[in-house]
Amino acid sequence: MRLDPQVALALGLLRLCLAQVNFAPHFFDNGVGSTNGNMALFSLPEDTPVGSHVYTLNGTDPEGHPVSYHISFDPSSRSVFSIDPNFGNITLVEELDREREDEIEAIISISDSLNLVAEKVVILVTDANDEAPSFIQEPYIVQVPEDTPPGSSIFKVHALDKDTGSGGSVTYFLQNTQPTKFTMDRHNGVLRLRSGTTLDYEKARAHFVTVVAKGSEVLTVVAMDGDRGKPNHILYSLMSGSDGAFEINETSGAIFITQNPAQLQREVYELHVQVTEVSSAGSPAAQAMAPVTIRIVDLNNHPPTFYGESGPQNRFELSMYEHPPQGEILRGLKITVNDSDQGANAKFNLQLVGPGGIFRVVPQTVLNEAQVTIIVENSAAIDFEKFKVLTFKLLAMEVNTPEKFSSTADVVIQLLDTNDNVPKFTSHYYIARIPENAPGGSNVLAVTAVDPDTGPWGKVKYSIYGSGADLSFLIHPSTGIVYTQPWASLDAEATARYNFYVKAEDMEGRHSLAEVFVILLDVNDHYPQFAKSIQEKTMVLGTPVKIEATDQDAEEPNNLVDYSITRAEPANVFHINAHTGEIWLKNSIHSLEALHNITPNGDYTWSLEVQAKDRGSPSFSTTALLKIDITDTEMLSQSPMDAFLMQTKHNPMKAVGVLAGIMTGIVAITVLVSTATFWHHRKSNKVLPVRRVLRKRPSPAPRTVRIEWLKFNRTKPAAKFVLQEDFPIENCNNSLGSPPPPRVPAPPPPPGMAPSTVAAPWGAVPTVSGSLTPRQPQRSPKPKALGNPTQSALVSELRQKFENNVASKAYF
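Conventions adopted
Residues numbered from 1 in each chain as written. Predicted model: local features only at pLDDT ≥ 70, side-chain atom pairs only at ≥ 80, totals over all residues. Heavy atoms only, no water. Helix = DSSP H or I, 4+ residues; strand = E, 2+ residues; numbered from the N terminus. Contact = heavy atoms within 4.5 Å. Areas by Shrake-Rupley, 256 points an atom, 1.4 Å probe, with all protein chains shown as cover. Pairing = 2+ DSSP bridges. Axes fitted to C-alpha atoms, helices over the stretch in contact; angles between N-to-C directions. Core = buried A, V, L, I, M, F, W, Y, C linked by side-chain atoms within 4.5 Å. Buried < 20%, exposed > 50% of the residue type's maximum accessible area, 1.4 Å probe, protein only. Patch = residues over 30% accessible without salt bridge, like charges linked within 9 Å, V, L, I, M, F, W, Y side chains within 5 Å. Salt bridge = Lys/Arg side-chain N within 4 Å of Asp/Glu carboxyl O.

Caption draft 1: Examining the overall build of the protein chain more closely. Along the backbone of the protein chain there are 6 helices and 53 strands. Look at the contacts in the protein chain between residues 6 or more apart in sequence, and 63% of them connect residues 24 or more apart. For the protein chain, the computed accessible surface area is about 49900 Å², with 54% contributed by carbon and sulfur atoms.

Caption draft 2: Expanded view of the sheet that holds strand E50 (residues 605-614). Read across the sheet, 4 strands follow the order E44-E51-E50-E47 without closing on themselves; strand pairing throughout is mixed. Across the chains shown, the open sheet's two edge strands, defined by having one partner strand only, are strand E44 (534-540) and strand E47 (561-567). Between one strand axis and the next, the sheet turns through 35 degrees on average, direction left out of account. Two strands pair when backbone bridges link them, and E50 and strand E51 (residues 621-631) are joined in this way by 9 bridges, in the antiparallel orientation. Looking at E51, one finds that Glu609 is bridged to Leu625.

Caption draft 3: Examining the nonpolar core more closely. By size, the foremost hydrophobic cluster in this structure holds 30 residues, and its most contacted members are Phe306, Leu330, Leu350, Phe359, Leu394 and Ile413. Those elements giving two or more residues to this core turn out to be strand E26 (315-321), strand E27 (335-338), strand E28 (347-353), strand E29 (359-362), strand E31 (369-376), strand E32 (389-398) and strand E33 (406-416). Those residues in contact with Ile413 that sit more than four places away from it in its chain are Leu318, Met320, Leu330, Phe359, Lys388, Val389, Leu390 and Phe392.

Caption draft 4: A nonpolar patch on the surface, seen in detail. A grouping of Tyr465, Tyr501 and Leu513 is seen on the molecular surface, where their side chains present a nonpolar patch of about 270 Å² in accessible area. Note that Leu513 resides in strand E42 (residues 511-521). Classification of Leu513 as partly exposed rests on a relative accessible area of 42%.

Caption draft 5: Broad picture of the pattern of salt bridges. Taken as a whole, this structure holds 10 salt bridges when the rule is applied. A salt bridge links Glu101 to Arg78, with the shortest nitrogen-to-oxygen separation between them at 3.4 Å. Taken together, the residues Glu101 in the loop between strand E8 (89-92) and strand E9 (103-111) and Arg78 in the loop between strand E6 (68-72) and strand E7 (81-83) connect sequence positions 23 residues apart. According to the relative accessible area criterion, Glu101 is partly exposed, its value standing at 25%. Taking the shortest distance from any N to any O, the salt bridge between Asp185 and Arg192 comes out at 3.7 Å. Each of the salt bridges in this network shares a partner with another, and the network as a whole consists of Arg78, Glu94 and Glu101.

Encoded structure:
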């Protein structure tokens, strides 16, 4: 039956109005831990059996209409739950695996046929100890030396359990049917050689060991129903003593740890496990109680840790002055080290790693906790100039544990400078060379001293002292430049080298010395000098004469002299050695006769002008006049008188003057000797003379000296001349053949007596006369008559006393 269109429209409008007044249903929110509601914050263990009823959706409709429930999943994910639409019961239909999927997203909805309300929920999958540990990189092949000491660690195995919490911890043990030489640390998997055993390569080259890794189940409590046949289910529960640290599986009785073992606060836990029998109707029946004691054994799971004033710290800094006293404690460092393990696991050593021998750490062995002290051991090594910053690592390492846990902390020491260094010159000595004509104020050299200290301590002041520098050199106090004093006059000929010291000093007087040698470079500032500007030389044929000039300059070539003849007439007679100054006759001249013809005056004498010139630059020269008298070896072999006469044959007046001078000298000497003898005897003679007047025979008149030049041959001209002396012969004993004794002066006349004027005085001094005459045969002198016998006796007596007195006193 077809409805009228108008009727259909009316019905549609009616339905719309009804729908507008129908309120939507909603879920109940019963909070966390509820098993019915809207699944808010719902979690499910991963080991929940498939088919288990896990949750019930619960909601209502405001109008009281019946509601239906639905659950849906993303098409790309699994549908792990099913739902009863009428009652909202949710059942697990797929196995859960937290390690693969730790949360499930689903859309739940409630409907009252007219309205549909949907919500998105996330179901958390919690971990269960359902994963078996698995070894990494198995099988293990280990090579062990046969001399490994007993108790040594050989290898460490590692197994991974993907479970979290206590379910992820692993324990290890050996599974061997035969006795083995090895043991296994059940907590850390370290394989050791058993104490008291050794390995022997010749007996067994390989050992096979089976290691089992097991999850962190502490223990399992097993209760059995005494009923036979079909016993009831048994449920396990912890009644007390766990403090939240342990749980028990209600169906298996396995006890698990729920915390990190390191966080356990007690060493012993006394648990009370209750087992309850559940009847077939689901109600509790019989119960039983059993105590479980769990003792916590320390696991070495804490490395040593360094602490500062504000907590854990791995870097400590300190500023200090260099060269602190030996044994000083670095008090600016506040370091504490701690190992939270117990017993032997908390024992560790402290060591300072870095430049050796500078500091040492105290204590060196720590149990649990200690305050760290660093002490200065080598003050000299703490040097700002070598290290601005000293960096060390403070190492704490466990002693008796297989893990050898360790930790480090950096210790950074900023050094501060002190004035601990002496300025040092770059060299122990300096050598400089300057010309002697350098003007005053000239720079000589620059010395440099370095003080490694910083700031004002590193500034160097220079000074100069030493006798070599008092009057000639100065030094700039800041630059170290040595220069000549403004008024200094340097002379290499007077002082060729100066030697003095320079001093480098810092602000506190620390200083060092360096030696300076200043060598003056010679400048050609002196002329060559002859000993005399006019010189006379005698040249023997075949032998040179030498003229010499000296140059006062200090060094070559300035003091080397070259000689030359600048003027001679004639010019071709002589030649000179330019280096030695030796003058030779030309080879063409062999005799005096050849020279006589060319001598300007015919007297074998030449005058030469000789120049001495140095080799400096510029060069200086000096001249001297040299007169050369030439002779030969034959003239040199004659007697002195012959040679004299030969030399003066062209100048007779010269010979007369020389002979007169000789005679005058002889007379003067005779007078002096006679006078001295007279006065000596006058003072020492004790015998008074007889007072009588003795007449003295008049002496003959002195003869004059006559010089006569005679003709002579060239061979021996001196042989033609003879010098004769006539001695007066008085008071002579004619009977004796010896010459007469010397005359003794008579004593002076007695007082009051006038001297006799009739004859010559008694004390007259005899004179000596001579003449140059041609050699003639000598004639014997005629004997003369003796005088008065009394006078002769007196004279003999006086003569005897005179001889004795002269012999004893050696007078004159």
